[in-house]
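Reading the structure
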Amino acid sequence: MRRSLQFSLFALVLLGLVGGTLAFFIAQKSVTITVDGQTRSVGTYADTVGEVLEDEGLALAAHDVVLPSPDAAVGDGDAVVLNRARPLELTVDGVSREVYVTALSVEEALDQLGMRADGLVLSASRGERLPLEGMALTVTTPKDVVLVADGQERVVTTTAATAGDLLAEQGIALSGTDRTSLRLEQGLLNRMRLQVFRVQISEITETSAVPYGRVETEDDAAFQGEKKVTTKGVDGEQRTTFRVTVVDGQETGRETLSTTVTREPVDEQVTVGTKARPANKPAADGLNWAALANCESGGRPNAVSSTGKYRGMYQFSTSTWASVGGTGDPAAASADEQTYRAQQLYDRSGAGQWPHCGSRLFN
């Protein structure tokens with residue numbers, strides 16, 4: 001091969017190599033990438049935004065924000081912005097939820113979430129940076145709560161997270177028996193009502209009567225329908241211990257713990273007549289026996305004269321009483337029986353048996 005031909009072939013190969021290299025460099029693009037606010041320039045042969053990011057080892061997550069979109073074509077001098085999303089475990093006034101933000105700080109996250117109110121209480125400082133893996137953030141907003149305690153009702157503005165926190169903030173201490181309308185760990189919401197119930201539980205002992213009973217005994221010497229108390233009844237006494245619950249000064253409950261009888265009651269003893277009344281009443285039944293009894297004894301069945309000789313409503317002597325069928329002491333007999341015996345005496349001997357008061361029978 002002639003030398004000139006060899007030189008021509010070599011020149012063609014060299015030209016091809018130079019052209020290919022030049023074309024390679026011409027195809028490369030310069031792109032500016034801003035990731036989470038940090039900017040750098042990269043050279044790339046990628047055709048789309050997504051390919052550029054992939055080449056840079058930046059895998060996209062579901063909530064990331066990319067401008068332009070990942071499938072957009074990229075040219076020389078273009079800019080790509082990637083704001084990576086951060087999970088935020090957000091608890092606002094006790095209510096928790098997971099959100100995603102592209103903010104780099106707590107302050108920016110609040111701004112993105114629209115939480116721009118003054119007086120927010122945060123679990124982290126506003127300037128703290130949000131790591132890519134996210135964080136938990138608790139936010140307590142100012143709220144008006146109706147607080148009722150110790151006889152006062154007022155509206156307080158607070159950033160306390162729970163009912164217990166609010167009571168501590170207001171210097172309201174609870175005893176072991178006090179109750180509240182909200183659980184102490186319950187989160188507060190605007191316009192909630194929190195009431196404190198002061199509860200006192202004590203044991204008291206009270207004395208009360210034990211009513212006496214009544215025992216009836218048949219008496220065949222007294223007429224039917226006649227009753228006489230022979231032993232007066234006496235109430236007993238008992239002591240009862242109660243557990244008493246008082247809420248805000250008002251008794252709301254009483255539980256009996258024990259009862260002890262300290263004095264037994266005495267039953268009332270009563271005799272009840274069983275003797276049949278005579279079928280025929282004395283003829284003197286229509287006279288004014290009440291007037292006679294009032295004159296003789298003041299109308300008292302148990303009256304006894306100063307000498308003790310005359311007894312009862314009609315001042316019978318014991319012998320006269322026995323002569324008309326009476327038994328025992330006239331003053332111990334019932335008023336009905338005394339009147340019946342007096343009528344018998346009148347039928348037998350007339351009003352003269354009562355020399356001073358007999359005339360009263362006819363008034």
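Residues numbered from 1 in each chain as written. Predicted model: local features only at pLDDT ≥ 70, side-chain atom pairs only at ≥ 80, totals over all residues. Heavy atoms only, no water.

According to the UniProt record, the Sequence similarities (unreviewed entry) comment for the protein is "Belongs to the transglycosylase family. Rpf subfamily." (UniProt positions renumbered as here; feature names shortened; annotations may be inferred.)

Focus on the pairing of strand β2 (residues 38–44)
Moving residue by residue along a regular strand, the side chains alternate between the two faces of the sheet. Bridge count between strand β1 (residues 29–35) and β2: seven bridges; the pairing is antiparallel. Directly across from Ile-33, in β2, lies its bridge partner Arg-40. The turn joining β1 and β2, which pair antiparallel and follow one another in sequence, is formed by two residues; a positive phi near 50° is taken by Asp-36. (Pairing = 2+ DSSP bridges. Helix = DSSP H or I, 4+ residues; strand = E, 2+ residues; numbered from the N terminus.)

As for the state of the cysteines
Evaluation of the coordinates by the stated rule reveals one disulfide. Covalent S-S linkage joins Cys-295 and Cys-357, the inter-sulfur distance amounting to 2.0 Å. Between Cys-295 and Cys-357 the sulfur-sulfur dihedral comes to about -65°; the bridge is accordingly left-handed. Residue Cys-295 is located in helix α5 (residues 289–297), and its partner Cys-357 is located in the segment after α7 (335–349); the two are separated by 62 residues in the primary sequence. (Disulfide = S-S within 2.5 Å.)

So, the pairing of strand β10 (residues 152–158)
Bridge analysis of strand β9 (residues 143–149) against β10 gives seven bridges, and the strand direction is antiparallel. Bridging from a neighbouring strand, Val-145 pairs with Val-156 of β10. Hairpin connection, β9 to β10: the antiparallel pair is bridged by two residues, and Asp-150 has positive phi, about 55°.

Re the environment of Ala-291
With respect to the helices and strands, the residue Ala-291 is situated in helix α5. For Ala-291, a relative accessible area of 17% corresponds to the buried category. Each C-alpha atom, one on Ala-291 and one on Ser-123, is 102 Å from the other, the two residues being 168 residues apart in sequence. (Buried < 20%, exposed > 50% of the residue type's maximum accessible area, 1.4 Å probe, protein only.)

Observations regarding unusual backbone geometry
Cis rather than trans, the peptide bond between Leu-67 and Pro-68 has omega equal to -10°. The topology assignment puts Pro-68 in the loop between β3 (65–67) and β4 (79–83). Despite not being glycine, Arg-191 shows a phi value in the positive range, around 70°. Turning to its location among the elements, Arg-191 is positioned in the loop between β11 (179–180) and β12 (193–197). We note that Gln-315 has phi near 55°; this positive angle belongs to a residue other than glycine.

Description of the packing of aromatic side chains
Counted according to the given criterion, the structure contains four aromatic pairs. For the pair Trp-289 and Tyr-346, a centre-to-centre distance of 6.0 Å together with 90° between the ring planes defines the contact as edge-to-face. Of the two residues, Trp-289 is situated in helix α5 and Tyr-346 in helix α7; the sequence distance between them amounts to 57 residues. When the ring of Phe-316 is compared with that of Trp-321, the centres are 5.2 Å apart and the planes differ by 70°; the resulting orientation is edge-to-face. On the basis of relative accessible area, Trp-321 is assigned to the buried category, the value being 0%. An aromatic cluster is present here, built from Trp-289, Tyr-314, Tyr-346 and Trp-354 joined pairwise through their rings. Lying over the aromatic face of Phe-242, Arg-254 brings its terminal NZ or CZ to 4.8 Å of the ring centre. (Phe/Tyr/Trp six-rings, centres within 6.5 Å; stacked < 30°, edge-to-face > 60°. Lys NZ or Arg CZ within 6 Å of the ring centre and 35° of its normal.)

Considerations on the pattern of salt bridges
Considering all chains together, one arrives at 19 salt bridges under this definition. For Asp-36, the salt bridge goes to Arg-86, with nearest N and O atoms at 3.3 Å. Taken together, the positions of Asp-36 in the loop between β1 and β2 and Arg-86 in strand β5 (residues 86–92) put the pair 50 residues apart, joining distant regions of the chain. One exposure class covers both Asp-36 and Arg-86, and it is buried. For Arg-254, the salt bridge is made with Glu-206, and the minimal N-O distance between the two is 3.1 Å. With Arg-254 in strand β17 (residues 250–263) and Glu-206 in strand β13 (residues 199–210), the pair connects residues that are 48 residues apart, well separated along the chain. (Salt bridge = Lys/Arg side-chain N within 4 Å of Asp/Glu carboxyl O.)

Brief notes about the UniProt feature "domain: G5" (unreviewed entry) in the protein
Sites flagged by UniProt as "domain: G5" (unreviewed entry) map to residues 196–276. With 0% helix and 78% strand, the stretch residues 196–276 has end C-alpha atoms that lie 74 Å from each other.

Some words on the nonpolar core
The biggest cluster of nonpolar side chains holds 16 residues, and the ones touching the most others in it are Trp-289, Leu-292, Tyr-314, Phe-316, Trp-354 and Leu-361. Counting only elements with at least two residues in this core, the list comes to α5 and α7. Leaving out residues up to four positions away in the same chain, Leu-361 has contacts with Leu-287, Asn-288, Trp-289, Leu-292, Tyr-346, Ala-351 and Trp-354. Within the second largest apolar cluster, 15 residues are counted, among which are Leu-88, Ala-109, Met-115 and Leu-137. (Core = buried A, V, L, I, M, F, W, Y, C linked by side-chain atoms within 4.5 Å. Contact = heavy atoms within 4.5 Å.)

What about α5?
Looking only at α5, the buried set comprises Trp-289, Ala-291, Leu-292, Ala-293 and Ser-297. The inward-facing, buried residues of α5 abut α7. In the segment just after α5, Gly-298 is the residue with positive phi, at about 75°.

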